[in-house]
Amino acid sequence: FGLTLDHQQSPAGPYILLKSNGQDVAGVDQAQPGVPVASWCPYIRVDDLEKTRARIAELGGQNLTDAFPVPDTGDMSLAMDPIGAVFGLLKPSWL
């Protein structure tokens, strides 16, 4: 796939950013305590994190975390749609 790996350390432990042509395209971390199965969590880039979080709630979704900063990346949060699919939101620091 032509991806390069950028090994980092996050507050939760080791984290690997996958890059394509120098751009972050995915991330991989270790299983977190209390998560019984392997899972995927796609992230959606947004221009306004708080406005998007408000819209999720208006449409029947649930915000699972408060927004939190990720050094050298931006602000993130996790949400769930009305039928239970979990996804992340990312407002990159360069926007």
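Up top is the structure these notes are about.
Just so it is clear, the structure is predicted and the values come from calculations on it, not from any experiment.

Quick notes on the overall build of the protein
And then number 1: When helices and strands are counted, the protein shows one helix and eight strands.
And then number 2: What you see in the protein, going N to C, is helices and strands ordered as β-β-β-β-α-β-β-β-β.
And then number 3: Considering only C-alpha atoms, the protein reaches an extent of 40 × 35 × 25 Å along its principal axes.
And then number 4: Across the 95 residues that make up the protein, the buried fraction comes to 20%.
And then number 5: For the protein, the proportion of contacts with a sequence separation of at least 24, taken over those separated by at least 6, is 28%.
And then number 6: For the protein, the distance from the average position of its 6 positive side-chain charges to the average position of its 11 negative side-chain charges is 6 Å.

With respect to the side chain of serine 77
And then number 1: Along the chain, serine 77 falls in strand 7 (residues 74–80).
And then number 2: The class for serine 77 is buried, based on a relative accessible area of 0%.
And then number 3: Every residue in contact with serine 77, bar those within four places of it in the chain, is listed here: Tyr43, Leu49, Arg53, Thr65, Asp66, Ala67, Phe68, Phe87, Gly88 and Leu89.

Comments concerning the pairing of strand 8 (residues 86–92)
Within a regular beta strand, the side chains point alternately toward one face of the sheet and then the other, so they alternate between its two faces.
And then number 1: Burial analysis of strand 8 places five of its seven residues in the buried class, which makes it a mostly covered element.
And then number 2: The sheet contact formed by strand 7 and strand 8 spans seven bridges and is antiparallel. In the sheet register, glycine 74 faces strand 8, and the bridge partner there is proline 92.
And then number 3: As consecutive antiparallel partners, strand 7 and strand 8 are separated by five residues, and within that stretch glycine 84 has a phi angle of approximately 105 degrees, a positive value.

Section: helix 1 (residues 49–58)
And then number 1: Listed in full, the buried residues belonging to helix 1 are Leu49, Arg53 and Ile56. What you see down the axis of helix 1 is that its buried residues fit within an arc of 55 degrees, all on one side. Opposite the buried face of helix 1, at more than 90 degrees from it, the exposed residues are Lys51 and Glu58.
And then number 2: Those residues of helix 1 that are buried lie in contact with strand 5 (62–63), strand 7 and strand 8.
And then number 3: Two or three places before glutamate 50, at the start of helix 1, stands the capping residue aspartate 48, its side-chain oxygen 3.3 Å from that residue's backbone nitrogen.
And then number 4: At the exit of helix 1 stands glycine 60, carrying a positive phi of roughly 95 degrees.

Regarding unusual backbone geometry
And then number 1: Even without being glycine, asparagine 21 reaches a positive phi, approximately 55 degrees.
And then number 2: Asparagine 21 gets classed as exposed once you look at its relative accessible area, which sits at 77%.
And then number 3: The backbone of aspartate 72 shows a phi angle near 60 degrees, a positive value even though the residue is not glycine.
And then number 4: With respect to the secondary-structure elements, aspartate 72 resides in the loop between strand 6 (68–70) and strand 7.
And then number 5: With relative accessibility at 81%, the residue aspartate 72 sits in the exposed group.

The rules behind these values
- Within each chain, residues carry numbers counting from 1 in the order of the written sequence.
- Two thresholds apply to this predicted model, a pLDDT of at least 70 for residue-level local features and 80 or more for giving and counting side-chain atom pairs, whereas whole-chain, interface and lining totals are computed over all residues.
- Hydrogens are left out, water is left out, and the side-chain values use all remaining heavy atoms of the structure.
- Comment: elements are numbered from the N terminus, with helices defined as DSSP H or I runs of at least four residues and strands as E runs of at least two.
- When a residue's accessible area, from a 1.4 Å probe over protein chains only, is under 20% of the maximum for its type it is buried; when over 50% it is exposed; and in between it is partly exposed.
- Note on definitions: a residue-residue contact is assigned when non-hydrogen atoms from the two residues lie within 4.5 Å.
- Asp and Glu count as negative and Lys and Arg as positive, but His and the ends of the chain are not part of the count.
- A charged residue contributes its charge at one atom only: NZ of Lys, CZ of Arg, CG of Asp or CD of Glu.
- In this analysis, strands are considered paired if DSSP registers two or more bridges between them.
- The arc in question is traced by the directions running from the helix axis to the C-beta atoms.
- Polar contacts, as used here, are pairs of N or O atoms within 3.5 Å; protein pairs need one atom able to donate a hydrogen and one able to accept it. Residues neighboring in sequence count only if both atoms are side-chain atoms.

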